[in-house]
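Below are the chains, spelled out letter by letter.
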Amino acid sequence: MTTLAEALCAGIESLAPATDSARADAQLLLAHAVRREREWLIAHGDAPLSAEQRESFEKLCRRRSSGEPVAYILGRAGFYGREFIVDRNVLIPRPESEHLVEEAIAFLEAGMTALDVGVGCGAIACTIAAESGAVVFGTDLSAAAIARAEQNARRLGLAALCCFYEGDLTAPVRERRFHAIVANLPYVPTADLPAQPDPVGFEPRAAVDGGPDGLALYRRLLPQIPALLERNALILLEAAPPTIEELARTVRATLPGFAVSIGRDYAGLPRYVRAASQGELPAPEN
Ligand SMILES: C[S@@+](CC[C@H](N)C(=O)[O-])C[C@H]1O[C@@H](n2cnc3c(N)ncnc32)[C@H](O)[C@@H]1O
């Protein structure tokens, strides 16, 4: 008979060569295999593991050892205090996006509308809706991502505040106007895309590949923005730290009259461009 504590030790040992978070990962995977919370596991180290549970745990450890992110193995990821269902069709939401989300929440209030371009699993859109009470629209080129975002909005009781459409950039919402537009579009330069076993190598290429310099999608998005804005609107665009200055320059050139600045993530790295319209909006491009 194998106890939970013994299985955990074996799991940590098997994961150690592949990850710096072997203990935490092994606990999460074992809790998943025995369908219990991680806290329960820690308090019940003497409890026996069935042969089936042991086999399932070993299989999960093998997936993790191959580099697959824990979020894909468990089918869920945390973001801003909520849990989101994820799968390999969507990017795993990152804490790097949380400061951008905080700015959107501080700006928006109930009765306002926001747009999240490239909504993925819905983490950013659902969080903004839940925390601000604003109605949040989202678009994504991936039908699988839209299905996941809708599932997450329903699970979180946010279906009335969230409305997601499959389509290219802002095409599905061209008739609408927004107080805020946020985007975390694919922004890794193609040549820098890592392969497995890097965790990013497990994510959909369409969710990470930002073209030659990482800004290809933002260059297409920016000219579409003026026509979609309410007066005194806020735009927040996340990108890779080395590309932020160039994104800010592109935003200034495309949106003259906007106050443009750069926001940082938890690590203090430049992570997003903020553009605030100052009353008068430039004429939209056709
Ligand atoms: C970096 S992921 C971000 C997902 C989500 N916003 C998040 O932060 O977790 C980028 C998303 O943009 C979507 N996407 C890529 N190209 C797009 C396009 N042309 N129009 C709309 N969405 C697009 C991808 O399918 C992916 O879901």
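These figures come from a predicted structure and were not determined experimentally. (Residues numbered from 1 in each chain as written. Predicted model: local features only at pLDDT ≥ 70, side-chain atom pairs only at ≥ 80, totals over all residues. Heavy atoms only, no water.)

On to the site of the ligand. In the vicinity of the ligand, 19 residues are found, and the nearest of them are Gly-118, Asp-140, Asp-168, Leu-169 and Asn-184. The backbone of Leu-141 places a nitrogen or oxygen atom 3.2 Å from a nitrogen atom of the ligand. One of the backbone N or O atoms of Leu-169 is found 2.8 Å from a nitrogen atom in the ligand. Isolated, the ligand exposes 590 Å² of accessible area, and the fraction of that covered by the protein chains is 96%. Looking at the shell around the ligand residue by residue, the class counts come to eleven nonpolar, five polar and three charged. (Near = heavy atom within 4 Å. Polar contact = N/O pair within 3.5 Å; in protein donor to acceptor, adjacent residues only side chain to side chain. Areas by Shrake-Rupley, 256 points an atom, 1.4 Å probe, with all protein chains shown as cover. Nonpolar A, V, L, I, M, F, W, Y, C, P; charged D, E, K, R; others polar.)

This paragraph deals with the nonpolar core. Within the largest apolar cluster, 38 residues are counted, with the highest numbers of intra-cluster contacts made by Leu-108, Ile-128 and Phe-164. Broken down by secondary-structure element, the contributors of at least two residues to this core are α5 (70-74), β3 (76-79), α6 (98-107), α7 (123-132), α8 (143-155), β7 (162-166), β8 (178-183) and β9 (229-238). Among the elements that line this core, the one with the most residues is α7, at six residues. When neighbours within four sequence positions are excluded, Phe-164 is seen to be in contact with Val-119, Ala-125, Cys-126, Val-136, Phe-137, Gly-138, Ile-146, Ala-149, Glu-150 and Ala-153. Core analysis: the second largest hydrophobic core is formed by 32 residues, Phe-137, Ile-181, Tyr-218 and Val-260 among them. (Core = buried A, V, L, I, M, F, W, Y, C linked by side-chain atoms within 4.5 Å. Buried < 20%, exposed > 50% of the residue type's maximum accessible area, 1.4 Å probe, protein only. Helix = DSSP H or I, 4+ residues; strand = E, 2+ residues; numbered from the N terminus. Contact = heavy atoms within 4.5 Å.)

Attention now moves to the packing of aromatic side chains. The description of an aromatic ring pair uses the distance of the two centres, along with the angle that the planes make with each other. Enumeration over the complete set of coordinates arrives at two aromatic pairs. For the ring pair Phe-137 and Tyr-165, a centre distance of 6.5 Å and an interplane angle of 10 degrees mean the geometry is stacked. Note that Phe-137 is positioned in strand β6 (residues 135-140) and Tyr-165 in strand β7, a separation of 28 residues in sequence. Judged by relative accessible area, Phe-137 falls into the buried class, the value being 7%. An angle of 70 degrees between the planes, with centres 5.7 Å apart, marks the rings of Phe-137 and Phe-178 as edge-to-face. Linking Phe-137 in strand β6 with Phe-178 in strand β8, this pair joins segments that are 41 residues apart in sequence. As far as burial versus exposure is concerned, Phe-137 and Phe-178 are alike and both buried. Following the ring pairs from residue to residue traces out a cluster consisting of Phe-137, Tyr-165 and Phe-178. (Phe/Tyr/Trp six-rings, centres within 6.5 Å; stacked < 30°, edge-to-face > 60°.)

A few words on the sheet that holds β9. Read from one edge to the other, the open sheet built from seven strands follows the order β7-β6-β5-β8-β9-β11-β10, with strand pairing classed as mixed. Only two strands of the sheet have a single partner each, and these edge strands are β7 and β10 (258-264). Direction aside, neighbouring strands of the sheet carry axes that sit 15 degrees apart on average. Here α6 sits on the sheet in contact with β8, β9, β10 and β11 (270-277), set at roughly 165 degrees to β9. Contacting β5 (113-117), β6, β7 and β8, α7 crosses the sheet at an angle of about 160 degrees to β7. (Pairing = 2+ DSSP bridges. Axes fitted to C-alpha atoms, helices over the stretch in contact; angles between N-to-C directions.)

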